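Below are the chains, spelled out letter by letter.
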Amino acid sequence: MGRQRQTDREIPTARLSDGRIARIVPSEFATGYEVDVDGTPQSHVDPSDPTHLHFEYVARMGAVIDLLPEGPLTAVHLGAGGLTIPRYIDATRPGSRQQVIELEPALVDLVREALPLPRAAAIRIRIGDAREGLARLPQGMRGAVDLLVSDVYSGAQTPAHLTTVEFYREAAALLAPGGVLLVNTADGAGLAFARRQAATIREVLPELAVLAEVQVLKGRRFGNLVMAASARPLPVEWLPRLMAAGPHPAKVAHGEELDRFIADARPAVDGDATDSPRPSWSLFDR
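First things first, this report covers the structure right here in the doc. Per chain, the residues get numbers from 1 upward, laid out in the order the sequence is written. Totals for whole chains, interfaces and linings use every residue, but because this is a predicted model, local features are given only for residues with pLDDT of at least 70 and side-chain atom pairs only at 80 or more, for both listing and counting. Excluding hydrogens and water, the side-chain figures rest on all heavy atoms present in the structure.

### As for empty space enclosed by the protein
Condition: Using protein atoms alone on a 1 Å grid, points that fit a 1.4 Å probe yet trap it form a cavity, whereas open point sets bounded by protein on both sides within 12 Å along at least five of seven lines form a pocket; residues with an atom within 4 Å of a point count as lining. Grid points are joined across faces, edges and corners, and a volume is the space filled by probe spheres set on the points. The helix and strand labels rest on DSSP assignments: H or I over at least four residues marks a helix, E over at least two residues marks a strand, and numbering proceeds from the N terminus. Three classes are used: nonpolar for Ala, Val, Leu, Ile, Met, Phe, Trp, Tyr, Cys and Pro, charged for Asp, Glu, Lys and Arg, and polar for all others, with Gly counted as polar.
The tally for this structure, following the rule as stated, stands at three cavities of 30 Å³ or more. Of the voids in this model, the largest cavity is the one considered here, and its volume is about 70 Å³. Along the wall of the largest cavity there are 15 residues; nearest its centre are Thr158, Tyr168, Val183, Asn184 and Gln197. Counting only elements with at least two residues in the lining of the largest cavity, the list comes to strand S9 (175-187) and helix H6 (192-204). With four residues, S9 is the largest single contributor of residues to the lining of the largest cavity. Class assignment for the residues of the lining of the largest cavity results in seven nonpolar, seven polar and one charged.

Okay, here's the thing in structure tokens:
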């Protein structure tokens, strides 16, 4: 049912701590629902099919997750949204143990009530700042996390303190020896922020690949770039499958192409980092 036809019941709504309004509305473009914050779609969830990853960058994250070694995962997610990726992992990797850190309790309550998680899902949600929350995770998780996903937006921008060498060192300390960090970065013309993020992540985790739609990776339009990083080499056989993932052709910057992408960008540190650029509506590919 499209949004324009939803007149017979109230749209689930919550006011966030900064005054923004979060809503859960039926998707106009696919089955399922969107978590919408002040008019900007943040997440898409299809309760009838948690493997349906509608947003293009999320589908690329799913493609990376699919290529991790078989079996249950230990995963940490920074930023809850509609809990799309945790639902995907629960459906495709039964037995996985997942921790989610989200700043906004009202958003968590809204999603839990309107789009309940599967009863058997081992997904624990912790409330708090993402960086502070990393330090509060159980000590036994250090060096044991297979997948860490950073997809944090406040006011449609990633806060500066979640973009630095120091932050990524804290995140990397949780990863198992072959663990993978996935970061959602949004940028536009020139890709100055994305190039700097790639330099920052590679300073901590030397094996890095950047995935995006071709025009986005060329800096011709605003969009999402997914950065996959690890302390160990990413399997070369990943690349063809990652390039084919998603509804539109992807481009993967890796090796020498990644060197050219980063060029002379400096890693961001706590003293000089900036928030990510403010996105436009084209950020959410249909």
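### Considering the pairing of strand S7 (residues 123-127)
Keep this limit in mind: Two strands pair if DSSP finds at least two bridges between them. By definition, the crossover connecting two strands over a helix is right-handed if that path, from the first strand to the second, turns clockwise as seen with the strands pointing away from the viewer.
In terms of strand pairing, strand S6 (residues 97-102) meets S7 through five bridges, oriented parallel. From the neighbouring strand, Gln99 faces S7, where its bridge partner is Arg124. With helix H3 (residues 105-114) bridging S6 and the parallel S7, this β-α-β connection has right-handed handedness.

### What about unusual backbone geometry?
Although it is not a glycine, Asp38 sits at a positive phi angle of roughly 50 degrees. Looking at where Asp38 falls in the secondary structure, it is placed in the loop between strand S3 (33-37) and strand S4 (40-45). Unusually for a residue other than glycine, Ala263 sits at a positive phi of about 50 degrees. Relative to the helices and strands, Ala263 resides in the segment after helix H9 (256-262).

### Quick notes on the environment of Leu83
Note the threshold: For this analysis, residues touch if any pair of their heavy atoms sits within 4.5 Å.
In this fold, Leu83 is placed in the loop between strand S5 (74-78) and helix H2 (84-92). Here the alpha-carbon distance between Leu83 and Leu115, two residues 32 residues apart in the chain, equals 9.3 Å. In this structure, Leu83 is in contact with Val100, Val111, Leu117 and Ile125, ignoring residues within four places of it in sequence.

### Examining the nonpolar core
For soluble globular proteins, nonpolar side chains are generally found buried alongside one another. Operational definition: Only buried Ala, Val, Leu, Ile, Met, Phe, Trp, Tyr and Cys residues count toward a nonpolar core, and they belong to the same one when joined by side-chain atoms within 4.5 Å. Burial status follows relative accessibility: with a 1.4 Å probe on protein chains alone, a residue under 20% of its type maximum counts as buried, one over 50% as exposed, and anything between as partly exposed.
Residues Leu78, Leu134, Leu148, Val210, Leu225 and Phe261 are the most contacted members of the largest nonpolar core, which totals 38 residues. In terms of nonpolar packing, the next biggest core, distinct from the first, is built from 24 residues, Tyr57, Leu73, Val226 and Ala228 among them.

### Some thoughts on the packing of aromatic side chains
The condition is simple: Whether two aromatic rings pair depends on their centres lying within 6.5 Å, for rings of Phe, Tyr and Trp, where Trp uses its six-membered ring; planes under 30 degrees apart make the pair stacked, over 60 edge-to-face, and the rest tilted. A ring is considered to have a charge above it if a Lys NZ or an Arg CZ atom is located within 6 Å of its centre and within 35 degrees of its normal.
Applying the stated rule across the entire model yields one aromatic pair. Directly above the ring of Phe261 sits Arg195, whose terminal nitrogen or CZ lies 4.9 Å from the centroid.

### A closer look at the layout of surface pockets
Estimates place the volume of the largest pocket at around 680 Å³. Surrounding the largest pocket, 46 residues form its lining, Gly79, Gly81, Asp151, Val152 and Tyr153 being those nearest its centre. Counting only elements with at least two residues in the lining of the largest pocket, the list comes to S4, helix H1 (56-66), S5, H2 and S6. The leading source of residues in the lining of the largest pocket is S4, at four residues. Per-class residue counts for the lining of the largest pocket are 24 nonpolar, 16 polar and six charged. Lining the second largest pocket are 15 residues; nearest its centre among them are Leu68, Pro69, Gly178, Gly179 and Val180. In terms of residue count, S9 provides more of the lining of the second largest pocket than any other element does, three residues in total. When its residues are assigned to classes, the lining of the second largest pocket shows nine nonpolar, three polar and three charged.

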